[in-house]
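Residue-level structure breakdown
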Amino acid sequence: MTSPSTVRVRFCPSPTGNPHVGLVRTALFNWAYARHHGGTAVFRIEDTDAARDSEESYTALLDAMNWLGFDWDEGPATGGPHAPYRQSQRMGIYADVAARLLDAGHAYHCYCTAEELEERREAARAAGRPSGYDGRCRTVTPEQRAAYEAEGRTPIVRFRMPDEPVTFTDLVRGELTFAPENVPDYGIVRANGAPLYTLVNPVDDALMEITHVLRGEDLLSSTPRQIALYRALADIGVGGGGVPAFGHLPYVMGQGNKKLSKRDPESSLNLYRERGFLPGALLNYLALLGWSIAEDRDIFSMDEMVAAFDIGAVNANPARFDLAKAEAVNATHIRERLTAEEFTAACEPWLRAPYAPWKPEQYDPAAFAALAPLAQTRVTVLSDITENVDFLFLDEPVADEKSWQKAMKPGAEAVLGTAREKLAALPEWTAEALKEAVQTAGEEHGLKLGKAQAPVRVAVTGRTVGLPLFESLEVLGRDRVLARVDAALARLTA
Ligand code: GLU
Ligand code: ZN
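The paragraphs below set out a description of the structure included in this document. (Residues numbered from 1 in each chain as written. Chains lettered and ligands numbered in written order. Predicted model: local features only at pLDDT ≥ 70, side-chain atom pairs only at ≥ 80, totals over all residues. Heavy atoms only, no water.)

Description of the overall build of the protein chain
Applicable threshold: The numbering of helices and of strands both runs from the N terminus, where a helix is a DSSP run of H or I of at least 4 residues and a strand a run of E of at least 2. It is over C-alpha atoms that the radius of gyration is taken, and the globule rule equals 2.2 Å times the number of residues to the power 0.38. Three labels apply to residues, based on accessible area from a 1.4 Å probe with only protein chains included: buried if under 20% of the type maximum, exposed if over 50%, partly exposed otherwise in between. Every residue pair with non-hydrogen atoms within 4.5 Å of one another is taken to be in contact. Note that accessible areas follow from Shrake-Rupley with a 1.4 Å probe, and for residues the cover is restricted to the protein chains shown. Under the convention used here, Asp and Glu are negative, Lys and Arg are positive, and both His and the chain ends fall outside the count. Charged groups are reduced to one reference atom each: NZ for lysine, CZ for arginine, CG for aspartic acid, CD for glutamic acid.
Looking only at helices and strands, the protein chain has 20 helices and eleven strands in total. A compact globule built from 494 residues would reach a C-alpha radius of gyration of about 23 Å, whereas the protein chain, at 32 Å, exceeds it by more than 25%. Projecting the C-alpha coordinates of the protein chain onto the three principal axes gives extents of approximately 105 × 50 × 40 Å. Buried positions account for 48% of the 494 residues belonging to the protein chain. For the protein chain, the share of sequence-separated contacts (at least 6 apart) that also reach a separation of at least 24 residues comes to 76%. As displayed, the protein chain offers around 23,000 Å² of accessible surface, 51% of which is attributable to carbon and sulfur atoms. The average position of the 52 basic charges and that of the 68 acidic charges among the side chains of the protein chain differ by 4 Å.

As C-alpha cells, this is what we get:
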C-alpha cells in the first residue's frame, strides 16, 4: 500500500436485472485501486430510470456486494459525507444543477421533436455530413420560443458542447482526442423534467469528489461529453472543480468471440454463487480479465491483488471469458487456499436442504469431516460435494443404472461374493485392511484391484466414480457396507 492519498473511486451500477460478471469486474478494479492507494471506495446506486430500475435488483446488488466481500467506505448501506447514495433520492440536486447550467448558458432548451431530429439526421447522412444533433436550438429567438410554446412543445435540456476538441489521457488507453463534430450537444433532462444519466452521473462524480473513473469500454464515447460537463460544473461552482482521470476497462468477449452479454447465462453472478464458487476465487478469475499479477501466475488472494494492482498495467485489448478457466481457478482456491476446517465450513450450505438430497437428521457432521480432506482435492465447485458424499447419508446408495450396468458385468457377482466374505471376516475395519481384502478377492478371480473394486464401489456408493473407495468404506462402517453388498448380490442373483 502506498501512502494515504486523496484517491476516490466509485462503483455506480444501475439496479436493473441481476448482477453480472462484467459489473463485478468493474467493482473489483475500482475497489482494488482504492485499496492499493489507501483511498476511498464509494458505492452509488444510479436509479434515476424508474422504468427500468427495480427494488429487487437494488437488494440483489447489495447482497452481491456482501457475498463478494466488498467493504465500500461510502454507500447506501454505510452512509457517508455525501449521502444519500441513491440517485433517486437526489432529484432536487439535479433539478437545481440543470437550472444553473441553463442560467450560465452551458445548456439550452431544445424544442426539436423526434420526427424533426430524425428527418435532419437522414438529410445529413445523405449529404455525407456528421449526423448528430445540429445545434439548431442553440439560438432560439424569443419569438420562436413563444411560437414553440404556443404549439404546446415542451423542451428537453441540451448541454452545449465546446467547439474545440476534447483531449484526455486514458489510464488504460493513453491519450485520446475527440473532434467536436463527433461529439454533438446532448440531452441532459427529458421533456418531462426527468434528469438523464448523462447529467446525474457527472454531477454526482463532481459532488462526491471522485478522482478516478474506472469503467467499461462501452462508456468511452460518453467520456468527452462528461469531461466538458465537469468543466461547466466547475464553472458554476458545483463540486470540487476537478475533472477525474478515466480508465476504460477492456471488453469481455464470450462464446464465438461475441461481446459477453448480460443475457448470456455464464454472465450471471447467481450461477457462480449457486454452483459454489468461492467469492475470492471468482474475483481472482475476474481480475484476469484485463489484468495479470505476474507472468506465469494466475492464482492470488484479494490482499495480493490489492498490493499489486496497477491500473496502468491493464491491457486495452478485449479479454476472453473462459468458464473452464474460471472453474480451474476455483478448484485451485478450494484445494490450496482453504484449510480443512474452512473447506468443511464452506461446504455446509450444500450439505443441507435444499441442496442436499438427504434429510437433516441423516446428516452426520463427524462422518463428513472424516472424508472432507479427500473431497477437498477433488471438487471443482462446492456444489460437487453432495454427490461425493451422498452415500454416507442416504439410507441406500443412489440408483444410477448406467453405473450399475458398467460395473456389474458377468463375473462381478463372483468377485463381489468373495469380497463380501473377506470383508466380513476382517478383524479390523481400516482402509488399509479393506483394500487388502478386496485385492485378494480380485486375485482369486484373476482380476486387478481396479476391476475388483468397481462392483464394490457401485454396490456401496451407487456410482463408478467418487472419493477414494477404502477410506469411504471405513467411514461408512462395516454394517452398512455389508448390507449394501448383500443387497447388490441379491439383485445380481435374482
Ligand atoms: N450507472 C452506469 C452504468 O451502470 C455507470 C456508468 C459509469 O461508471 O459511469 O452503466
Ligand atoms: Zn433542438
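Quick word on the packing of helix H12 (residues 340–347) against helix H13 (residues 365–376)
Let me state the cut-off plainly: Note on geometry: axes are C-alpha line fits, over the in-contact stretch for helices, and angles between N-to-C directions span 0 to 180 degrees. Any angle between 65 and 115 degrees counts as roughly perpendicular, while under 35 counts as roughly parallel, over 145 as roughly antiparallel, and the rest as oblique. Under the scheme applied here, ten amino acids are nonpolar (Ala, Val, Leu, Ile, Met, Phe, Trp, Tyr, Cys and Pro), four are charged (Asp, Glu, Lys and Arg), and all others, including Gly, are polar.
Direction vectors running N to C along H12 and H13 enclose 100°, while the axes themselves pass 9 Å from each other. Put simply, H12 runs roughly perpendicular to H13. Counted together, Ala-340, Phe-343, Thr-344 and Cys-347 of H12 and Phe-368, Ala-372, Ala-375 and Gln-376 of H13 form the full contact between these two elements. Residue composition of the contact of H12 with H13, by class: six nonpolar, two polar and no charged.

What to know about the pattern of salt bridges
The criterion, for reference: Salt bridges are identified by distance alone: a Lys or Arg side-chain nitrogen within 4 Å of an Asp or Glu carboxyl oxygen.
Evaluation of the coordinates by the stated rule reveals 31 salt bridges. Its salt-bridge partner being Arg-52, residue Asp-49 comes within 3.9 Å of it at the nearest N-O pair. Taking the relative accessible area as the measure of exposure, Asp-49 reaches 25% and is therefore partly exposed. Take Arg-52: its relative accessible area is 53%, and that puts it in the exposed class. One salt bridge in this structure joins Arg-121 and Glu-118, with 3.0 Å as the shortest N-O distance. With Arg-121 and Glu-118 both in helix H4 (residues 114–126) and three residues apart, the pair spans about one turn of that helix. Beyond isolated ion pairs, a larger network of salt bridges with shared partners links Arg-10, Arg-44, Glu-46 and Asp-205.

Focus: the pairing of strand S4 (residues 156–159)
Just so we agree on the cut-off: Any two strands between which DSSP finds at least two bridges are classified as paired.
Pairing of strand S3 (residues 107–110) with S4 involves four bridges; the strand directions are antiparallel. Pairing of Ala-107 across the sheet is with Phe-159, part of S4.

Some remarks on the packing of aromatic side chains
Given two aromatic rings, one states the distance between the centres and the angle between the planes to describe the pair. Keep this limit in mind: Centres within 6.5 Å make a pair out of two Phe, Tyr or Trp rings, where for Trp the six-membered ring is used; the pair is then stacked when the planes are under 30 degrees apart, edge-to-face when over 60, and tilted otherwise.
By the definition in use, this model includes 19 aromatic pairs. Summarising the aromatic geometry, the rings of Phe-168 and Phe-178 are spaced 6.1 Å apart at their centres and angled 0° between planes, so their arrangement reads as stacked. Taken together, the residues Phe-168 in strand S5 (residues 166–170) and Phe-178 in strand S6 (residues 174–178) connect sequence positions ten residues apart. Each of the two residues, Phe-168 as well as Phe-178, counts as buried.

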